[in-house]
Amino acid sequence: MRIIVFCFRPRTKQRRAIFDALSRCTKPERIWDLYAFTCGPSKFCNLSPKVRLLNEYFRLLGKGFHHASMRMIEDGSFTMSNDSWRISDINFDYSLCQSYPFALLVPKSVSDDEIIQASNFRARSRVPAVSWCNPETGAVLARSSQPLVGIMNTRSTADEKLVAALCAQLSDEKDSRRKLYIADARPRKNALANGAMGGGSESSSNYFQSEIVFFGIDNIHAMRESFARFRDYLDTHGAASSDGMSSFLRHGGWTWGGGNLSSMSASVSTLGDSGWLIHVQSVLAGSAWIAARVALESAAVLVHCSDGWDRTSQLVSLANLMLDPYYRTFTGFQALVEKDWLAFGHPFSDRVGMPSISGSSFELSRNASSTGSFSSSPLRQSSGSSQASNSSHAQNNYSPIFLQWVDCVSQLLRIYPFAFEFSSNFLVDFLDCVLSCRFGNFLCNSEKERQICGVDESCGCLWAYLADMRSSEGRSHAHYNLFYDTLKHNGPLLPPAAALAPTLWPQFHLRWACPFESQAGELEAECRNMAIKFSELQKAKEVAEMKAKEYLAAMEILNVDLQNEKQVSSSAINLAKRASKENAAIQRAVQSLGCRVNFTNSSDSTVDVESSLMETSQRFSLPRRESEYTMEHNDRSDLSVSITVVADDVVPSSSPLGQVCETLCPLRTQGRGCQWPDAACAQLGSQFVGLKANFDAFDRLSIYDRYFKSE
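An unreviewed UniProt entry annotates the protein as Myotubularin phosphatase domain-containing protein of Gossypium barbadense.

Chemist: Before we move on, can you summarise the overall build of the protein with the specific residues and values?
Modeler: If you tally the helices and strands in the protein, you get 25 helices and 12 strands. If you take every contact in the protein between residues at least 6 apart in sequence, the share linking residues at least 24 apart comes to 69%. Roughly 36,400 Å² of accessible area belongs to the protein as shown, and the carbon and sulfur atoms make up 53% of that amount.

Chemist: Help me get a handle on the pairing of strand E5 (residues 180-184), residues and values and all.
Modeler: Among the 5 residues in E5, 5 count as buried, and that is most of the element. Residue alternation in E5 divides its side chains into two sets, Leu180, Ile182 and Asp184 and Tyr181 and Ala183, and both sets are buried. Judged from the 5 bridges that link them, E5 and strand E6 (residues 210-214) form a sheet pairing that is parallel. Looking across to E6, one finds that Leu180 is bridged to Ser210. Where E5 lies against strand E7 (residues 300-304), 5 bridges are found, and the strand directions are parallel. What sits directly across from Asp184, in E7, is His304.

Chemist: How would you sum up a nonpolar patch on the surface? Please name residues and give values.
Modeler: Taken together, Ile4, Phe6, Phe8, Ile18 and Leu22 make up a surface patch of nonpolar side chains, about 440 Å² in accessible area. Mapped onto the elements of the fold, Leu22 is located in helix H1 (residues 15-26). Take Leu22: its relative accessible area is 32%, and that puts it in the partly exposed class.

Chemist: Describe in detail the packing of helix H10 (residues 276-297) against helix H16 (residues 401-415), supporting the description with residues and values.
Modeler: One can describe the packing of H10 onto H16 by two numbers: an axis separation of 10 Å at closest approach and a directional angle of 75 degrees. When the interaxial angle is binned, H10 and H16 end up roughly perpendicular. For the pair formed by H10 and H16, the contact residues are Trp276, His279, Val280, Val283 and Leu284 on the first element and Leu403, Gln404, Asp407, Cys408, Gln411 and Leu412 on the second. Classifying every residue of the contact of H10 with H16 gives 7 nonpolar, 3 polar and 1 charged.

Chemist: How would you sum up the nonpolar core? Please name residues and give values.
Modeler: Within the largest apolar cluster, 130 residues are counted, with the highest numbers of intra-cluster contacts made by Leu54, Leu318, Phe333, Phe402, Trp405, Phe430 and Phe442. Discounting chain neighbours no more than four positions away, the residues touching Phe333 are Tyr326, Tyr327, Trp405, Val409, Phe422, Phe426, Leu427, Phe430 and Trp463. Counting 12 residues, the second largest nonpolar core, distinct from the first, contains Ile31, Leu34, Ile357 and Cys444.

Chemist: Describe unusual backbone geometry, and please don't skip the residues or the numbers.
Modeler: Positive phi is not limited to glycine here, since Gln209 has a value of about 50 degrees. Along the chain, Gln209 falls in the loop between helix H7 (188-196) and E6. One non-glycine residue with positive phi stands out, namely Cys437, at about 65 degrees. Examined against the element boundaries, Cys437 turns out to sit in the loop between helix H17 (424-435) and helix H18 (447-453). A residue is classified by how much of its surface remains accessible, and Cys437, at 16% relative accessible area, is buried.

Rules behind the numbers
- Residues numbered from 1 in each chain as written.
- Predicted model: local features only at pLDDT ≥ 70, side-chain atom pairs only at ≥ 80, totals over all residues.
- Heavy atoms only, no water.
- Helix = DSSP H or I, 4+ residues; strand = E, 2+ residues; numbered from the N terminus.
- Contact = heavy atoms within 4.5 Å.
- Areas by Shrake-Rupley, 256 points an atom, 1.4 Å probe, with all protein chains shown as cover.
- Buried < 20%, exposed > 50% of the residue type's maximum accessible area, 1.4 Å probe, protein only.
- Pairing = 2+ DSSP bridges.
- Patch = residues over 30% accessible without salt bridge, like charges linked within 9 Å, V, L, I, M, F, W, Y side chains within 5 Å.
- Salt bridge = Lys/Arg side-chain N within 4 Å of Asp/Glu carboxyl O.
- Axes fitted to C-alpha atoms, helices over the stretch in contact; angles between N-to-C directions.
- Parallel < 35°, antiparallel > 145°, perpendicular 65-115°, else oblique.
- Nonpolar A, V, L, I, M, F, W, Y, C, P; charged D, E, K, R; others polar.
- Core = buried A, V, L, I, M, F, W, Y, C linked by side-chain atoms within 4.5 Å.

In structure tokens form, the structure reads like this:
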């Protein structure tokens, strides 16, 4: 959609040299001169597309748990099947059809020999092959090229059997076969014209329970002319023109629209005259009709045009997009493009204007069969016939077929904004990468050509590049659709006819001619910024919640510690009260023995002894080496308290303390002094006056005179 104009001063000698250099760079003669080959190794490595194609076949067969590998391809172990369909390796070396993939999904009831016979009845040997199937209902969507019926209405038993095998029996009715629709993308008159030259269309009388439908979509030449008129319209009536002069807005707002209403109306009608939106609507309507037949009637639909690689690819892939939600994701969209466009041989080099393999015997130039001016013999030739190509031939084959299909995808994205994982920005970047020659995915005209050129090993991968772009920003990247909802559209999309009114795709069509007006994605960008801010706030909220949880956990720990401290404090208070009570009991017990004990804060203990043996009270002040006050608490026993006073040396019986001991100790040995530490009192654990007792019980104990020796 971009037109670049180079201007030179008069009599500039370098004009011819610059023109030749631009021509050489924009239209290289050899494929090896493309940037994808000359830029050197790319960090975006391309895994084998064959492996990805087999994985998609496995998914369609309901065997998605299998994973394809190069070893599986080399040993031929990929030919799996289910009850209705099988993967055939009949085209493994491209001997059946050079524009078809190495593996085909075909009816299980048809043998490879019958497929070979049927290939002779189809243009370019492009036999009917399965593109998509529903494992639950048995509905199938197949594709092929036109039959070679000619003016004699020739028939092929093998082809009729192969097409009939697409119509498996309905699961709910034993003796009923599903309806077969043969969708011819061409106008009826074009199909009849091709019949006069060896091609044509099927007859419903030759195919059981079938219906032939013509969609009336024009060929590649009509699309090329329409696109050229459409681009000129945008360049002329846009806000900026390529030469700076042809635009009606070149002199400012006062000449807007040519200066009057009639000029404005004429410019709008010019858009309709280009026919681009009408062609887009035709493709959308045909695809919606096919998807409805498969989804609502569980029918079998066979789609073809002339060669089966242009309009057929548009209709089949767009119908797949409507039928299967998987194709509306990033990975599914890649699988869809690689299956129905790359593997099934859409001639990208011819349609985009890039060189194909030249200067070798592998030159795969296309015959001008799609124009309708062909004989019967070229139709039966494979696409690998060696034939010299020239620039005029490549120019005749140029057509924006794939661009038109992506435009249709953008229309569906506009109608169903919640159904697609990718955004319109992704489609714009995707198309730019297709046309940039930076990657090798869309070079050459078929899978065989790309294998011969070693594209997968020599060139970078577009899909890896786009995935790397998305991984840098995650879900906030512009390629992601903010409104994508997997639950809202988890089934087929069946738009009614009234909804299929296409409009200009602003992000792509208007970005050069009307830069300001092309920012239709500003609202989406603003929503994306709000989503990013919301995500940041969400993350901040999660961090705050984590901190709050940590604080709550810390508070709980502190509360537990506080409760433990309270319990310890309460226990200490209870123990202190009990110790005080025990001390009082000890004092009463000692006083009942005729002694008075005073405890001080110093290291000394003062003991007053009153006894009838002594005429006067004597006070003994003992330096204490060690004073222990031990409290032991056990749930199974009573609280016991021991008071121990140990003198520096063993106290002799002649000392006043020894006299006290002999006077008070009821266990002393008769006629002898204190036998500490061998006395009986030591065996009871007492180091002073032989006292160790349960003080609660001791408090209740009666003191009898017989404990004391009286004179």
